[in-house]
Number of protein chains: 2
Amino acid sequence: MVSVVAPPLVMELIAPITGIIALVVALYLAVWINRFEPGTDRMKEIYDAIRVGSKAYLRRQYKTISIIAVILTLLLYGAFDFGPHGGVPYVSLAFLVGAAFSLAAGYVGMDVSTRANARTSYATHKGVELPMKIAYNGGLVMGLFNVGLSLLAVSVLFYAYGQKPELIIGLGFGASLAALFAQLGGGIFTKAADVGADIVGKVEAGIPEDDPRNPAVIADNVGDNVGDVAGRGADLFESMTAENIGAMIVGVALVAATGNAFFVIFPLLARAVGIFGTIIGLPFVRAKNFTNPMIPMRNGIVATTIIIVIGLYLLVTVTIQSINLFFAAVIGVGASLLIFLITQYYTERGYRPVEEIATASKTGPAVNIITGFAVGLESTGLPVLVIVGAILGGFYFGSNFVAEAPALFGAGVAVDPLIGGIYGTAVATMGMLSVAGVILGMDGFGPIVDNAAGIAQMSGAPKEVREKIDLFDAAGNTTKALTKGYALGSAGLAALLLFQAYLSEYAKAAGKPILEAITVKIVSPEVIAALFIGGLVPYVFSSFAIRAVGKAAFQVVEEVRRQFKEIPGLMEGKASPDYSKCVDISTLTAQKQMIIPGIMPVLVPIFIGFTLGPIAVGAFLISATVSGTMLAYMMNTGGAAWDNAKKYIETGVYGGKGSEAHKAAVVGDTVGDPFKDTAGPSLHVLVKLINTVSLTFVPLFVLYALML
Amino acid sequence: MVSVVAPPLVMELIAPITGIIALVVALYLAVWINRFEPGTDRMKEIYDAIRVGSKAYLRRQYKTISIIAVILTLLLYGAFDFGPHGGVPYVSLAFLVGAAFSLAAGYVGMDVSTRANARTSYATHKGVELPMKIAYNGGLVMGLFNVGLSLLAVSVLFYAYGQKPELIIGLGFGASLAALFAQLGGGIFTKAADVGADIVGKVEAGIPEDDPRNPAVIADNVGDNVGDVAGRGADLFESMTAENIGAMIVGVALVAATGNAFFVIFPLLARAVGIFGTIIGLPFVRAKNFTNPMIPMRNGIVATTIIIVIGLYLLVTVTIQSINLFFAAVIGVGASLLIFLITQYYTERGYRPVEEIATASKTGPAVNIITGFAVGLESTGLPVLVIVGAILGGFYFGSNFVAEAPALFGAGVAVDPLIGGIYGTAVATMGMLSVAGVILGMDGFGPIVDNAAGIAQMSGAPKEVREKIDLFDAAGNTTKALTKGYALGSAGLAALLLFQAYLSEYAKAAGKPILEAITVKIVSPEVIAALFIGGLVPYVFSSFAIRAVGKAAFQVVEEVRRQFKEIPGLMEGKASPDYSKCVDISTLTAQKQMIIPGIMPVLVPIFIGFTLGPIAVGAFLISATVSGTMLAYMMNTGGAAWDNAKKYIETGVYGGKGSEAHKAAVVGDTVGDPFKDTAGPSLHVLVKLINTVSLTFVPLFVLYALML
């Protein structure tokens, strides 16, 4: 046993202080945005309607989630803290903080997004430089607030709980539970409103997108903020939090082997590097004289990535010292760039997949759907191979570290290649997630410019303004697809990390050496059964999510049809529709429909743990991760490709708007909506939630198995 | 070590003799069918066109498959037989026989089906009793020929190869390779023709299904025979063959432990029981005075099942003697009935899923697709739980057998509970497959009556005849969906059996005790990578299969549009279309498009075996089995539900034929076509092919790993 030397205090303070810096910069940017005018009276009216609707929805949703979270907190207190922790609420408090912060991250994102939308729209009357800055900074507020809050929460709880990462896993559980409900509820809301608005408005009444005569138009714009912003915000908060804790748990074994305490806090420091890179990279988003909004954003990402790689190199040399582990981190960064490029290929016009769907639209909606489905299925291939490559590469450099270890930490230090390799994959995951802040910022950009375009249309802005905003809107669609690809790739790696952490904790709870705990009798019926059930859960979950959109959209359609029929003068623009009614209907249905699929991922692993045992839970987790990742890629990429195929036809090819090909493409786009904005993104959260639930409950699984 | 007593010769002869009996009965039924008249001159003309087209397609396809099979035979001879077997072509000959017999099973099915179609149609002019018998017996020819040929091949090779089941695995490999190409090529052909005929005929030209003016109508009817019959025939031949060999390999360990040689040949005998049950059950399909063709068929199945259960009880008592293993067999039989009922719930009108899709059609094609997709995703749930239940139940009784063993086979006999349990799941699988003959017969019924309805329509049969035939056609749709559910459930269990056989063979090749060989380091990067790649392969494969249909259908559509435009008087019925042109186009495209997805499942496991090692192949196999089973259920059931929702609307609800709801439902039906008839059924074969490839190659994987 080597003795462990604690890192100097200044290193321990870096993570919480960086977290605070991120929050301060986010606040600064938010205040900067708020200084601008939200526009004309008509724009303010719409702006207020969207803000009121968004807030009303989130209040309603947070009430539901809070009730579930409080009940679970009490149960967790009874199960974990009352007895074993002598009444100190370690697990239950961490859970509650995780849930609350996850929701807060979503709320702040929604708040700044609903402030930035009208301001972006109004600023476009004067040029393209300022709106670009407002929208990009608006997204970055969510990005920085998110990474900052997560880093602060993890680091403070880690030190407050006596530097035991396994005690703070409740934080990840709470965050992922709240995030699943937020993403699922928000996803149902936004697509019910969107599909409902499109079917009656665009298809039946023949009025354009975002037309103020459409009673569902405000609900549609609210949806962007509560689904894409608040939902995704909560999602990424939990993703970063859970994976950070998972990496720390995996590091414990290396601290024991090397005597270097940095192996546990390296994940915190790597994230701090990511935050500095994001902030320093901000000025590189130069908004002067651009023709395509993607160009300044790409410059920003490239600069941030280079700064982060340099920062990681410096960090590695002063902390864990292994050049091999630096290579592992670079592999993670490289994987995120590769997945970016692949997603771009599959979802942007100009490449084969979108062209193929557009061409297929000429033969009608059925062939459009068949082709889009084929593209979705195919699109799982390369990203999954990148994930596999990152795992193998991270593991390779991690196990190479074993040869370095005696020279770095003393001749007696022996690290098992498997332990070293697992840490290598954890470092690769941290490398991938170090760029999360700037990517999250790009993700927030999309809904802001989408709303801005809606407000311009509804307020009757001049044609040239709308054309400029459409440029932003198109870029926003691209960033949304790209960041979803990234979020999913990182979710796959993060889930894997949590799975490894699960096995570590299982080994500890069962009192077995880790190398023994991870060997599984692969033909035992419990393992096979768990593998099948793990593959199944994402399918059944997606079924609930997609059906919920169908049900809610059906009700919105009925309501919009009713208003068109019963409100005299609505179609002629002489009377106003009752916007709030559509918001209410979407809200109520989303709240009702999210309960069963939201609770399922909590109950299934617990049920398996108590019936088939803790080893079977491990098999369940990896199988659900694989199955969920596949389905999510298929749905996200397929959905985005359908969307962009429709937009491609709208540029005039194959007859353009109004042609038969366009009608077919609209069907494909509508089918893709619940895929890419409800089921797909919720599946990211699902795979992490099942892992954090299992990580939290593994001591009880072991205890119960021993009692039998 | 206990000494092994060989079973009496009469028991050894039962399997091959029963195989011959099945072939004789099949021949008798075929001759019986051939005695009837194929109908009027016009009917004979169509009958000939379908037969000529079907034979031309199969000749072309078999040529392609033969070239691939011969190349592989030579490679296998070089790799396995030239050195290790001293030039005796054990593996390569078995492979060639498997491929040839699999194709023969498909060809015979096609031949009798294309004879029975017109005869069924013509017999309907006189009543419903005779056509019911012709169609049912026609299906049964394929069923009996298939099970008979498979049993004969396995048992003869088993004895010829010195009772070493692992030497005959090449038979399974050859059969599944040929079956994959047959099912995939046939599936692409049939759906390209079907989708092409529907899109131009029904949607654009507004002429009914099977209208003789439609240039793709013969190709459509040919498709039923080469896809549904020849493809499915080859599929089920390989399924029974591979699973039979797998169960025998698993039995080897029990022969060694108990000294009872019956544990290896029990699978052969159980299948003989199944054949007797099928033949004895035949008279119970009483075709007198029925209103729904499902009723006589159900009676037949119930009678056959009861006979088989009694037969299995007698068989167990005289051979392996364990009442626990009899219970395991009953679990398998019960699982097949349960999956039947579940599939019925999800695909027949009168239950929630189909009604739900029909209702959704009122809101247009997009909501129809969304809802159907949700149904497909959901429909994976119960069948997978039944499979899991069968595994757990079979294992439970199998491990209970351990306690019985000393009393049955001598006080010194000790069987490991895991070995006993695995054999229990093998017996459950054999139980499930013992009813294959009668189910396969029902499967063949579908395309015969489908063709019969087409011939009636094309030959201008009187309305009352067509109405009677439509009754059969509707029943045929139901049986096709039911048998597909059964085929898939049994494929899941069969793949699992092959996976267990793989690990047994791996243990032997590596010289490890089996209990050591089956423990896997679940976090090792090779295993994780293989799990991801295993999950991925079915997705990429399906993408190729579905896209192929899209491409081929596109070409058929262009050709049909061309003929309508360029042949004067075609629409008025004054000129004949060029049917053979559409057959040619579908044939060529299907042949071209099946190569890459057909080769992929052979290359990927070999690649993994030589790069990531034999253990990783095990992880790959189970993950691909889980992923493939899920996707296939989703596609099969979703597709059938869309189809029946359309048929439900055609009965007059929601406006009936020609309404907006009906148009939406037609889109859903067309989307479902490549799902349920191309990708879905090919996935069954895929999961078995990857297993048989790996089983064949495992000695080389181990050799190569040792050389490193």
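Please refer to the structure higher up on the page.
All chains use their own residue numbering, which begins from 1 and follows the written sequence. All chains are assigned letters beginning at A, and all ligands numbers beginning at 1, according to the order in which they are written. Per-residue local features of the predicted model are confined to residues with pLDDT of at least 70, and side-chain atom pairs are confined, for both listing and counting, to 80 or more; whole-chain, interface and lining totals are unaffected and use all residues. Each side-chain value is worked out from all heavy atoms of the structure, with water and hydrogens disregarded.

A. Layout of the overall build of chain A. If you tally the helices and strands in chain A, you get 21 helices and one strand. It is over C-alpha atoms that the radius of gyration is taken, and the globule rule equals 2.2 Å times the number of residues to the power 0.38. Taking 27 Å as the expected radius of gyration for a compact globule of 708 residues, we find that chain A reaches 25 Å, a close match to that expectation. In terms of its C-alpha atoms, chain A occupies a principal-axis envelope of roughly 80 × 55 × 50 Å. Only protein chains enter the calculation, and the probe is 1.4 Å; a residue is then buried if its accessible area is under 20% of its type maximum, exposed if over 50%, and partly exposed in between. The buried share of chain A, taken over its 708 residues, is 68%. Once local pairs closer than 6 in sequence are excluded, the contacts in chain A between residues at least 24 apart make up 84%. Note on areas: Shrake-Rupley with a 1.4 Å probe; residue coverage comes only from the protein chains shown. Total accessible area computed for chain A in this model is approximately 21,400 Å², and 66% of it derives from carbon and sulfur atoms. Positive charges are assigned to Lys and Arg, negative charges to Asp and Glu, while His and the chain termini are left out of the count. A single reference atom marks each charge: NZ on Lys, CZ on Arg, CG on Asp, CD on Glu. Between the centroid of the 46 positive side chains of chain A and the centroid of its 48 negative side chains there is a distance of 3 Å. Only DSSP runs of H or I with at least four residues qualify as helices, and only runs of E with at least two residues qualify as strands; both kinds are numbered from the N terminus onward. Contacts are residue-level and defined by heavy atoms, with any inter-residue pair within 4.5 Å sufficient.

B. Main features of the side chain of B:H662. All names here are of chain B. Note on placement: H662 falls in helix α21 (residues 660–707). Engagement of the side chain of H662 in a polar contact is seen with the side chain of E650, the distance being 2.8 Å. Those residues in contact with H662, other than ones at most four positions away along the chain, are K646, I649, E650, G656 and K657. Side-chain atoms alone can form a polar contact between residues adjacent in sequence; in general such a contact is a pair of N or O atoms within 3.5 Å, and within protein one must be able to donate a hydrogen while the other accepts it.

C. Broad picture of the nonpolar core. Definition of nonpolar core: a set of buried residues of the types Ala, Val, Leu, Ile, Met, Phe, Trp, Tyr and Cys, connected through side-chain atoms within 4.5 Å. Counting 516 residues, the largest nonpolar core has A:F532 and B:F532 as the members making the most contacts within it. With residues near it in sequence (within four places) discarded, B:F532 still touches A:V384, A:I387, A:V388, A:I391, A:L496, A:T625, A:V626, A:T629 and A:M630.

D. Region of the structure containing the interface of chain B and chain A. Taken together, the contact between chain B and chain A spans 73 residues of the former and 72 residues of the latter. As a working definition, buried area equals the accessible area (1.4 Å probe) given up by two parts on being put together, with both sides summed. Note on chain B versus chain A: buried area summed over both sides is about 6,300 Å², and carbon and sulfur give 84% of it. Summed over the three residues of chain B that lose the most area to chain A, namely B:V523, B:F532 and B:Y539, the buried surface amounts to 13% of that side. A side-chain nitrogen of Lys or Arg and a carboxyl oxygen of Asp or Glu constitute a salt bridge if their distance falls within 4 Å. Scanning the region where chain B abuts chain A turns up four salt bridges. Counting across the interface, chain B meets chain A through seven residue pairs in polar contact (both at pLDDT 80 or more). Residue contributions to the side of chain B that touches chain A peak at 18 residues, all from helix α17 (residues 525–566) of chain B. Along the lines of polarity and charge, the residues of the side of chain B that touches chain A split into 51 nonpolar, 14 polar and eight charged. Where strand β1 (residues 519–521) of chain A and strand β1 (residues 519–521) of chain B come together, three bridges link them in antiparallel fashion. Bridged to A:V520 within β1(B) is B:V520. For this scheme, ten residues count as nonpolar: Ala, Val, Leu, Ile, Met, Phe, Trp, Tyr, Cys and Pro. Four count as charged, namely Asp, Glu, Lys and Arg, and the remainder, Gly too, count as polar. Strands are treated as partners if at least two bridges between them are detected by DSSP.

E. Representation of the environment of A:M600 within the structure. All names here are of chain A. With respect to the element layout, M600 can be found in helix α19 (residues 595–611). Residue class for M600 comes out buried when judged on its relative accessible area of 15%. Residues M600 and R562 lie 38 residues apart in sequence; the distance between their C-alpha atoms is 35 Å. Sequence-distant contacts of M600, that is, excluding residues within four places in its chain, are made with V537, V540, F541 and P605.

F. Just the packing of aromatic side chains, in detail. Paired rings are identified among Phe, Tyr and Trp, the last through its six-membered ring, by centres lying within 6.5 Å, and are further divided according to the angle between planes into stacked (under 30 degrees), edge-to-face (over 60) and tilted (the rest). Throughout the structure, instances matching the rule amount to 47 aromatic pairs over all chains. Ring centres 5.0 Å apart and planes at 80° place the aromatic pair B:Y345 and B:Y346 in the edge-to-face group. Assessed through its relative accessible area of 4%, B:Y346 is described here as buried. Here the aromatic cluster, defined as three or more aromatic residues joined through ring pairs, consists of A:F373, A:W642, A:F675, B:F373, B:W642 and B:F675. Throughout this description, the term charge over a ring refers to an Arg CZ or Lys NZ atom that lies within 6 Å of the ring centre and within 35 degrees of the ring normal. When the ring centre of A:F36 is taken as origin, the NZ or CZ atom of A:R35, which lies over that ring, is 5.8 Å away.

G. Broad picture of the relation of the copies chain B and chain A. What sets the superposition is a least-squares fit of C-alpha atoms, and only residues with pLDDT of at least 70 in both copies go into it. With an RMSD of 0.0 Å, the fit of chain B onto chain A corresponds to turning through 180° and sliding 0.0 Å along the axis. Here the copies are linked by what is in effect a two-fold axis. Across chain B, the rotation axis passes nearest the C-alpha of B:V520, at a separation of 2.6 Å. Comparing contact sets, 99% of the residues at the interface of chain B also lie at the interface in chain A, consistent with an isologous, same-surface contact.

H. Local environment of the packing of helix α6 (residues 217–258) of chain B against helix α14 (residues 436–458) of chain B. Residue and element names in this part refer to chain B. Look at α6 against α14: their axes get within 10 Å of each other, and the N-to-C directions meet at 175°. Viewed along their axes, α6 and α14 adopt a mutual orientation that is roughly antiparallel. Within the contact between the two elements, α6 uses V217, I218, N221, D224, N225, D228, V229, R232, L236 and M240 and α14 uses A436, L440, D443, P447, D450, N451, G454 and M458. Looking at the contact of α6 with α14, its residues break down into nine nonpolar, four polar and five charged. All axes are obtained by fitting lines to C-alpha atoms, using only the stretch in contact for helices, and the reported angles, taken between N-to-C directions, cover 0 to 180 degrees. Here is the rule for angles: anything less than 35 degrees is roughly parallel, anything more than 145 is roughly antiparallel, 65 through 115 is roughly perpendicular, and the remaining ranges are oblique.

I. Examining the packing of helix α21 (residues 660–707) of chain A against helix α11 (residues 365–378) of chain B more closely. Two elements in contact, α21(A) and α11(B), have axes whose closest approach is 8 Å; the angle formed by their N-to-C orientations is 35°. Taken as a pair, α21(A) and α11(B) cross one another with a handedness that is right-handed. In this structure, α21(A) contributes A:V667, A:T670, A:V671, A:P674 and A:F675 to the contact, and α11(B) contributes B:P365, B:A366, B:I369, B:I370 and B:F373. The residue makeup of the contact of α21(A) with α11(B), split by class, is nine nonpolar, one polar and no charged. Here is the rule for handedness: rotate from the far helix to the near one, and if that takes an anticlockwise turn smaller than a right angle the crossing is left-handed, while a clockwise turn gives right-handed.

J. Local environment of the pattern of salt bridges. Tallying each qualifying case throughout the model produces 60 salt bridges over all chains. One salt bridge in this structure joins A:K647 and A:D643, with 2.8 Å as the shortest N-O distance. Residue A:K647 and its partner A:D643 are both found in helix α20 (residues 614–650); the two are separated by four residues, about one turn of the helix. Of the charged contacts in the structure, one is a salt bridge between B:D673 and B:K676, with a shortest N-O distance of 2.9 Å.

Spatial relationships are all this shows, so hold off on functional conclusions.
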